[in-house]
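These are the residues of each chain, in order.
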Amino acid sequence: MRRYDLALIGFGGVNRALAELIAERGDELADELGFALRVVAITDLRAGSLVDVEGIDLAPLLATGPGELAFAGMEGGNADPRNEWVIREVPADIVAEATFTNPADGEPAVSHVRWALEAGKHVCTTNKGPVALRGRELKELAVRHGVSIEFEGAVLSGTPVLRTAERLLSGLRITGVEGIMNGTSNFILGRVEDGADFEAAVKEAQDLGYAEADPTADVEGHDVQLKVMILANEVLGADLRPEDVFREGISGITAEDIKDAVDKGLRWKLVGSATRRSDGGVDARVAPMALPADHPLAGIAGPLNAVAFRTDLLGTVTVSGPGAGRIETAYALLSDIIAIHQRHANDAAASSGHVVEEALHG
Ligand SMILES: NC(=O)C1=CN([C@@H]2O[C@H](COP(=O)(O)OP(=O)(O)OC[C@H]3O[C@@H](n4cnc5c(N)ncnc54)[C@H](O)[C@@H]3O)[C@@H](O)[C@H]2O)C=CC1
Ligand SMILES: N[C@@H](CC=O)C(=O)O
């Protein structure tokens, strides 16, 4: 059976959840998908780095609390993350990048992705920074090195928005996208609507694994700004920079505003959109809107998100599902790995030393 060796860069909520999926459901997934997964390297700012080219035993790591994990002292472990060395030198097929999203310049994740592609490794990432800010250049680099970069989780976590647009809406003219694209802010607005305190709702979203490391990115709309850029660039063929996307978050909306809106049959939502103009340009923005209760996006509650595509032949097509969550986002990485397998199964068979003949195992 074919096997892919993975290097996990960042071992927080999402990559830990991917490791859990592999540890708990690896055999079942292998039967269903026709390939096996093995983790050969992990790096993390806090835990350090751990390498075992024969495959890391994940169970003891997953039994240790996230804040307690330290690789120093383990065989193959080091207190330093050694990202560049691990990404470039450890023999892995796929690098799963899930470090913090940096909305300013995407670093250091842009470098992580670049090192991996230059080393001829496929990349799957949930990190919005590299995709929104340097996506075009990184995709070109991937093509030059004959590898793939996949990033379904960068928009709506595991809900397949980008792949739906790419694969299932081809042939349609998409004229715009609009949606609720941040699980944390949508969760907070709902909790405040139910009477909770804003700051307490932020803390809840953090505990549930929805929020960014710095939740300002969720609350002030930076996260949606990056997602709007990704959608506009991928789906509308734009080349937007952050300054092209008007941004306003939800921090200016008070509990009173939310209550008044409910009394009037309205619901506050943080809405991101990108619309193609008649001159071919794209207008993009993120801002809170008080939507009438019968608006299709008004009923999208909690960490649920939705993206509506405006098309010429089908009218509006909406994809809805989880917008955040550790396991939901780990699924995005799995779906990326499946996409890589589907695209490169034959090259992997020809060139990889990680192909194990079924016959050898009886
Ligand atoms: N949690 C979610 O629902 C979703 C998260 N994402 C994105 O996925 C990425 C990961 O998210 P989470 O796992 O939730 O975040 P997290 O904050 O739980 O984990 C990030 C991990 O990366 C590590 N890290 C940060 N910088 C590093 C560096 N330079 N080198 C090595 N390790 C580093 C941190 O120590 C931390 O353990 C983020 O970019 C986030 O924006 C995307 C979609 C949904
Ligand atoms: N913090 C983000 C996570 C996914 O991108 C969100 O809340 O949507």
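See above for the structure.
These notes cover the structure that comes with them. Residue positions within a chain follow its written sequence, with the count starting from 1. Labels follow written order: the first chain is A, the first ligand is 1, and so on. Owing to the predicted nature of the model, reporting of local features is limited to residues with pLDDT of at least 70; listing and counting of side-chain atom pairs is limited to 80 or more, with chain, interface and lining totals taken over all residues. In computing side-chain values, all of the structure's heavy atoms are included and hydrogens and water are not.

### A closer look at the packing of helix α5 (residues 128-144) against helix α10 (residues 222-235)
For step 1, the next point in the chain: All axes are obtained by fitting lines to C-alpha atoms, using only the stretch in contact for helices, and the reported angles, taken between N-to-C directions, cover 0 to 180 degrees. By the criteria applied, helices consist of DSSP H or I runs no shorter than four residues and strands consist of E runs no shorter than two, each listed in order from the N terminus. Following both chains from N to C, one finds α5 and α10 inclined at 25°, their axes separated by 7 Å at the closest point. Our classification of the angle between α5 and α10 gives roughly parallel. When α5 is examined against α10, the residues Lys128, Gly129, Val131, Ala132, Leu133 and Lys139 are found in contact with a partner set consisting of Asp223, Leu226, Lys227, Met229, Ile230, Asn233 and Glu234.
For step 2, the next point in the chain: Gly is placed with the polar residues, together with every amino acid not listed as nonpolar (Ala, Val, Leu, Ile, Met, Phe, Trp, Tyr, Cys and Pro) or charged (Asp, Glu, Lys and Arg). Counted by class, the contact of α5 with α10 contains six nonpolar, two polar and five charged residues. These descriptions rest on fixed angle ranges, namely under 35 degrees for roughly parallel, over 145 for roughly antiparallel, 65 to 115 for roughly perpendicular, and the rest for oblique. Two residues qualify as a contact provided that any one of their heavy atoms is within 4.5 Å of a heavy atom in the partner residue.

### Quick notes on the site of ligand 2
For step 1, the next point in the chain: Near is defined per residue: the residue qualifies when any heavy atom it owns lies within 4 Å of the molecule or strand. Residues in contact with ligand 2, as listed here, are Lys128, Asn182, Gly183, Thr184, Tyr210, Ala211, Glu212, Asp218, Asp223, Lys227, Gly323 and Ala324.
For step 2, the next point in the chain: At 2.6 Å from an oxygen atom of ligand 2 is found a side-chain nitrogen or oxygen belonging to Thr184.
For step 3, the next point in the chain: Distance and chemistry together define a polar contact, namely a pair of N or O atoms within 3.5 Å, with one atom able to donate a hydrogen and the other to accept it when in protein, and with adjacent residues in sequence counting only for side-chain atoms on both sides. Between ligand 2 and Lys227, the relevant distance is 2.8 Å, taken from an oxygen atom to a side-chain nitrogen or oxygen of the residue.
For step 4, the next point in the chain: Isolated, ligand 2 exposes 250 Å² of accessible area, and the fraction of that covered by the protein chains is 92%.
For step 5, the next point in the chain: Tallied by class, the residues present in the shell around ligand 2 amount to three nonpolar, four polar and five charged. Accessibility throughout is a Shrake-Rupley quantity obtained with a 1.4 Å probe, and a residue counts as covered only by protein chains that appear here.

### Quick notes on the sheet that holds strand β11 (residues 282-292)
For step 1, the next point in the chain: A sheet is described by the order of its strands in space; here six strands give the open sequence β9-β11-β10-β8-β12-β13, paired in mixed fashion. Looking at the sheet topology across the chains shown, the edges are occupied by β9 (245-247) and β13 (315-322). Across the sheet, the axes of successive neighbouring strands diverge by a mean angle of 20°, strand direction being ignored.
For step 2, the next point in the chain: Across the sheet, helix α7 (residues 183-193) touches β8 (174-180), β10 (266-276) and β12 (304-311), and the angle it forms with β10 is around 155°. Only when DSSP finds a minimum of two bridges between them are two strands counted as paired.

### Examining the environment of Val143
For step 1, the next point in the chain: The residue Val143 is located in helix α5 in this model.
For step 2, the next point in the chain: Between the C-alpha atoms of Val143 and Leu117, which are 26 residues apart in sequence, the distance is 9.0 Å.

### Details of the site of ligand 1
For step 1, the next point in the chain: As a structural note, the neighbourhood of ligand 1 is formed by 24 residues, with Asp44, Thr99, Thr101, Glu212 and Gly325 the closest of them.
For step 2, the next point in the chain: Within the contact set of ligand 1, an oxygen atom lies 3.4 Å away from a backbone nitrogen or oxygen of Gly12.
For step 3, the next point in the chain: When ligand 1 sits alone it has 830 Å² of accessible area, and the protein chains cover 90% of it.
For step 4, the next point in the chain: Here the residues of the shell around ligand 1 are counted per class, giving seven nonpolar, 13 polar and four charged.

### Things to note about the pattern of salt bridges
For step 1, the next point in the chain: For salt bridges, the criterion is a side-chain nitrogen of Lys or Arg within 4 Å of an Asp or Glu carboxyl oxygen. Applying the stated criterion across every chain yields a total of 22 salt bridges.
For step 2, the next point in the chain: Residues Glu137 and Arg134 are paired through a salt bridge, measuring 2.8 Å at the closest nitrogen-oxygen approach. A residue pair is termed a helical-turn pair when its members lie 3 or 4 positions apart in one helix, as Glu137 and Arg134 do in helix α5 at three residues.
For step 3, the next point in the chain: Burial classes follow relative accessibility: with a 1.4 Å probe on protein chains only, a residue under 20% of its type's maximum area counts as buried, one over 50% as exposed, and anything between as partly exposed. Classification of Glu137 as partly exposed rests on a relative accessible area of 35%.
For step 4, the next point in the chain: A residue is classified by how much of its surface remains accessible, and Arg134, at 29% relative accessible area, is partly exposed.
For step 5, the next point in the chain: A salt bridge links Asp223 to Lys227, with the nearest nitrogen and oxygen atoms 2.6 Å apart.

The quantities given are spatial measurements derived from coordinates; they are silent on function.
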